[in-house]
Amino acid sequence: MASAGGETPVRVLGLRASPFVIRVLIALKLKGVEYEFLQEQIGKKSELLLASNPVHKKVPVLLHNGKPICESLNIIQYVDEVWSSGAPAILPADPYARATQRFWADYSDSKIIGAIQVLMGFKEGSKDEAASQIATALEHLDNALAFVESGQGKEHGNFGGDVIGYLDIALGSYVGWLRALEKITGNGILDEAKFPRLVGWADRFLEHEAVVDVMPRTDELVEYHATFLC
C-alpha cells in the first residue's frame, strides 16, 4: 500500500548479500509488513543512503514514512514495537529474557562478522585466528542452545524453538555466509560433529517461511564474494 504521495510507507536500503540487511527483511516478513527494497550498488553509496545515515553511511536503513532508522538490531526492535499487534513478538516480553537475547546477539556480532570478513579476504588479519574465533563463538552458542533445549534456559526466549525470535534472526543472518565460507575455503565451519544442536537449528531456520525467500543461496554468496574481490 502506498502513501498519498505514491511512496511505499516502508522502504529498505541495502544489499541483499548483507547479513545485516537480511535481518531486517526477515523481521519485516515475520510481521507481515509490505516493503520496497532499494538495492545499493557495491562500492557506491546512493545520495538517499548518505542522507538517511550520515553518521555511519552504511546499510541497512529502514525508511518508515520517510523517517530513517539505522543499525540492524535497532531496526529489528523498532519493527517489533511498531507492528506489535496481529503478529508474533520478536523480542520476549520478560526483561531478563530480552537482556539475555541482546547479550548473545551482541556477542555474535563481536565475534563472527569480523572473522568472516578476514577469512573471505574482505579485510586483513590472521586467518588462523579468525577461524579459531568463529569456532569458539559457535561452541559457546551451541552450549547456549543445549541449555535452552534442556528446559533450564527459558531466559533465551524463542531461541531454537518453532517461533523465530530476536536471537534467531541475529545469529541466523550469518548462516548463509558460513555455508558460503565452507564452500570457498573447503573447510567445515558449521560442523555437525562439533556443533550438532547449532547445525540442526540452522537447518530449521533456513527452512522457515520468513527466511527461505530472503536468505541468498550459497552459490549466490560465493559469486558475490568473487565479484567483490575482482
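Residues numbered from 1 in each chain as written. Predicted model: local features only at pLDDT ≥ 70, side-chain atom pairs only at ≥ 80, totals over all residues. Heavy atoms only, no water.

As a further point, take the environment of Leu138. As for its placement among the helices and strands, Leu138 is situated in helix 5 (residues 127-149). When the C-alpha atoms of Leu138 and Pro60 are compared, they prove to be 25 Å apart, with 78 residues separating the residues in sequence. In this structure Leu138 touches Leu178, Ile189, Leu190, Phe195 and Leu198, once residues within four positions along its chain are discounted. (Helix = DSSP H or I, 4+ residues; strand = E, 2+ residues; numbered from the N terminus. Contact = heavy atoms within 4.5 Å.)

Our focus in this paragraph is unusual backbone geometry. Pro60 follows Val59 through a cis peptide bond whose omega is 5°. Relative to the elements of secondary structure, Pro60 occurs in the loop between helix 2 (47-52) and strand 3 (61-64). In this model, Asn65 sits at a positive phi of 55°, which is unusual for a non-glycine residue. One non-glycine residue, Glu71, lies in the positive phi region at around 75°. Along the chain, Glu71 turns up in the loop between strand 4 (67-70) and helix 3 (72-82). Looking at Glu71, the relative accessible area reads 41%, which means it is partly exposed. (Buried < 20%, exposed > 50% of the residue type's maximum accessible area, 1.4 Å probe, protein only.)

Another point: the UniProt feature "domain: GST N-terminal" (unreviewed entry) in the protein. Under the feature "domain: GST N-terminal" (unreviewed entry), the UniProt entry names residues 8-87. Structurally, residues 8-87 comprises 38% helix and 21% strand, and the distance from its first C-alpha atom to its last is 21 Å. (UniProt positions renumbered as here; feature names shortened; annotations may be inferred.)

For the rest of this paragraph, the subject is the packing of helix 4 (residues 95-120) against helix 5. Between helix 4 and helix 5, whose axes approach to 8 Å, the crossing angle comes to 150°. The angle between helix 4 and helix 5 falls in the class roughly antiparallel. With respect to the hand of their crossing, helix 4 and helix 5 are arranged in left-handed fashion. Residues Trp104, Tyr107, Ser108, Ser110, Lys111, Ile112, Ala115, Ile116, Val118 and Leu119 of helix 4 touch helix 5, and the partners they reach there are Lys127, Ala130, Ala131, Gln133, Ile134, Thr136, Ala137, His140, Leu141 and Ala144. Taken together, the residues of the contact of helix 4 with helix 5 break down into 13 nonpolar, five polar and two charged. (Axes fitted to C-alpha atoms, helices over the stretch in contact; angles between N-to-C directions. Parallel < 35°, antiparallel > 145°, perpendicular 65-115°, else oblique. Left-handed = near helix turned anticlockwise from the far one by under 90°. Nonpolar A, V, L, I, M, F, W, Y, C, P; charged D, E, K, R; others polar.)

The side chains of a regular strand alternate between both faces of the sheet. Of all five residues in strand 1 (residues 10-14), five are buried; the element is thus mostly enclosed. Here strand 1 shows a buried face lined by Val10, Val12 and Gly14 and a second buried face lined by Arg11 and Leu13. Two strands pair when backbone bridges link them, and strand 1 and strand 3 are joined in this way by four bridges, in the antiparallel orientation. Within strand 3, the residue paired with Arg11 across the bridge is Leu63. Looking at chain direction, strand 1 and strand 2 (residues 36-39) are connected through four bridges and run parallel. Bridging from a neighbouring strand, Leu13 pairs with Leu38 of strand 2. (Pairing = 2+ DSSP bridges.)

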